[in-house]
Every structure is written in structure tokens, then in C-alpha cells.
Amino acid sequence: MWKPVAWTLGFLATVGVLDATAVIYGGLYNVAATKQHLQPVYTVLEKAMHYSVQRRARKIEVPTGLDTASTQRLGATLYQYACNTCHTIPGITGSQPLVGPPLGGIASRQVIAGRLANTPANMVAWITHPQQIDPATAMPDLGVNGRDAVDMAAYLATLR
Ligand code: HEC
């Protein structure tokens, strides 16, 4: 009575292992997802990711003092325009790139990028349109909107 059941289960397990082997060694499934995952796989991965992040985030303590509207806006804008990929900026964590000059102490400098007097208006102009000020500069126009540029200039003005 139990023998056929055991044989059937054994057979199914073997087929399962062979299928898995074919999928893995045949490179059948696009693990790199250069095209989006199939929907069921995507859903499983998405759920697994959410729960695993949730589980690991439980022990993380949120630092205080980060929740003022101005710190959030500032961080968001400097990262949003990727200023930190070229400049080391105090208060903005990440790598320490040296494509552009480090911006620590920029408020104490007389001149912006060796070209403009360091005034708030000129700083906003430089941040929004460096290429119009000097087409040869290595700093690209990043499409910074006026409001964001004013925020950033205000922050840079505190870096004495
Ligand atoms: C692709 C790299 C790159 C990115 C991204 C970039 N910059 Fe620059 N930045 C430079 C370079 C290079 C210079 C030096 C320009 C020169 O002297 O011609 C510079 C100069 C500056 C200066 C003048 C510094 C000084 O010492 O006089 C300021 C201020 C500045 N950038 C702010 C910003 C802000 C704010 C952002 C984000 C909106 C930003 N930069 C994004 C490359 C970059």
C-alpha cells in the first residue's frame, strides 16, 4: 500500500531536481533580469525584499535631528542633482570625489570657480547655468530649478 506512494513521491522529487538542474545549468532563467522578471517571480522577489528589509531594519535606530523640513529638502536636492558625485560636501555623506573642488569653506572664498565674485546671486547663477558662465568648465548644467539653487546656495553660504 505505501510502496507505490513512496515510489511516486521519489519519482516526482527526482523529476523536480532534474528540472531545477536543467533550469540552472542551462541558464534558462534570466537571473540578471536584463528584461524584467516574469510577474510571479517579480512578485515573490518584491515580497521577499520587503520582508527582509523590514526584518533587518528593526534593529536600526533612527538618528535624531534629521527630520526638519529644511534638512530633508537640502539633502534631497544635493543628492537629486548628484552634486556629491563630483564634490566633497561637508554634511553630505558618500564618496570623497575630487572631480570638482571640495566645497568645504566655499563661503569664505572670494571667487566662485575663479570667475565670479562670491555673492548669493552669483552662486545661484553658477549652480543653475555654469555652462553659460563658462562653456569650457567641466561642471555641467544639471537642470537645477531656481528654488533648489537658492536652497543649495543658502547651505553653501554656511560652509565657512
Ligand atoms: C560632473 C561633475 C560636477 C557636478 C555633478 C557638479 N559640479 Fe560643481 N564643479 C565641478 C567642477 C569641475 C568645478 C570647477 C569648475 C571650474 O573652475 O571651471 C565645479 C565648481 C563648483 C563650484 C565653485 C567651487 C569653487 O571652489 O569655486 C560650486 C559652488 C559648485 N561647483 C557647486 C555645485 C553644485 C551645487 C552641484 C550640484 C547641483 C554641482 N556643483 C555639481 C564639477 C561638478
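Residues numbered from 1 in each chain as written. Predicted model: local features only at pLDDT ≥ 70, side-chain atom pairs only at ≥ 80, totals over all residues.

What about helix H2 (residues 39-57)?
Its 19 residues place the ends of H2 26 Å apart at the C-alpha level, agreeing with the 27 Å of an ideal helix rising 1.5 Å per residue. In terms of burial, H2 is a largely surface element, zero of the 19 residues being buried. (Helix = DSSP H or I, 4+ residues; strand = E, 2+ residues; numbered from the N terminus. Expected span 1.5 Å × (residues − 1). Buried ≥ 20, exposed ≤ 12 C-beta atoms within 10 Å, placed from the backbone.)

Quick look at the site of the ligand
Around the ligand lies a shell of 26 residues, among which Cys83, Cys86, Gly100, Thr137 and Met139 are the nearest. Elements with a minimum of two residues in the shell around the ligand: helix H4 (120-128) and helix H6 (146-156). Considering only residue class, the shell around the ligand consists of 19 nonpolar, five polar and two charged. (Near = placed C-beta within 6 Å. Nonpolar A, V, L, I, M, F, W, Y, C, P; charged D, E, K, R; others polar.)

As for the nonpolar core
Counting 14 residues, the largest nonpolar core has Met123, Ile127, Ala149, Met152, Ala153 and Leu156 as the members making the most contacts within it. Contributions of two or more residues to this core are made by H4 and H6. Broken down by element, the residue count for this core peaks at five residues, all from H6. Not counting residues up to four positions away in its chain, the partners in contact with Met123 are Ile112, Asn118, Ala153 and Leu156. (Core = buried A, V, L, I, M, F, W, Y, C linked by C-beta atoms within 7 Å. Contact = placed C-beta atoms within 7 Å.)

A word on the packing of H4 against H6
H6 packs onto H4 with a crossing angle of 125° between their chain directions and a minimal axis gap of 9 Å. Between H4 and H6, the angle falls in the class oblique. Once H4 is placed against H6, the crossing between them reads as right-handed. Together, Pro120, Met123, Val124, Ile127 and Thr128 of H4 and Gly146, Ala149, Val150, Met152, Ala153 and Leu156 of H6 make up the contact between the two elements. (Axes fitted to C-alpha atoms, helices over the stretch in contact; angles between N-to-C directions. Parallel < 35°, antiparallel > 145°, perpendicular 65-115°, else oblique. Left-handed = near helix turned anticlockwise from the far one by under 90°.)

Notes on the domain arrangement of the chain
Domain boundaries in the chain define domain 1 (2-56) and domain 2 (81-156). Spacing between the C-alpha centres of domain 1 and domain 2 amounts to 49 Å. (Domains from an automatic or database assignment.)

What about unusual backbone geometry?
For Ala82, which is not glycine, the phi dihedral falls at a positive 60°. Here Ala82 shows up in the loop between helix H3 (69-80) and strand S1 (111-112). In the Ramachandran plot, Ala113 falls in the positive-phi region, its phi being about 55° despite a non-glycine side chain. Secondary-structure assignment places Ala113 in the loop between S1 and strand S2 (116-117). For Ala113, a count of 17 C-beta atoms within 10 Å translates into the label partly exposed.

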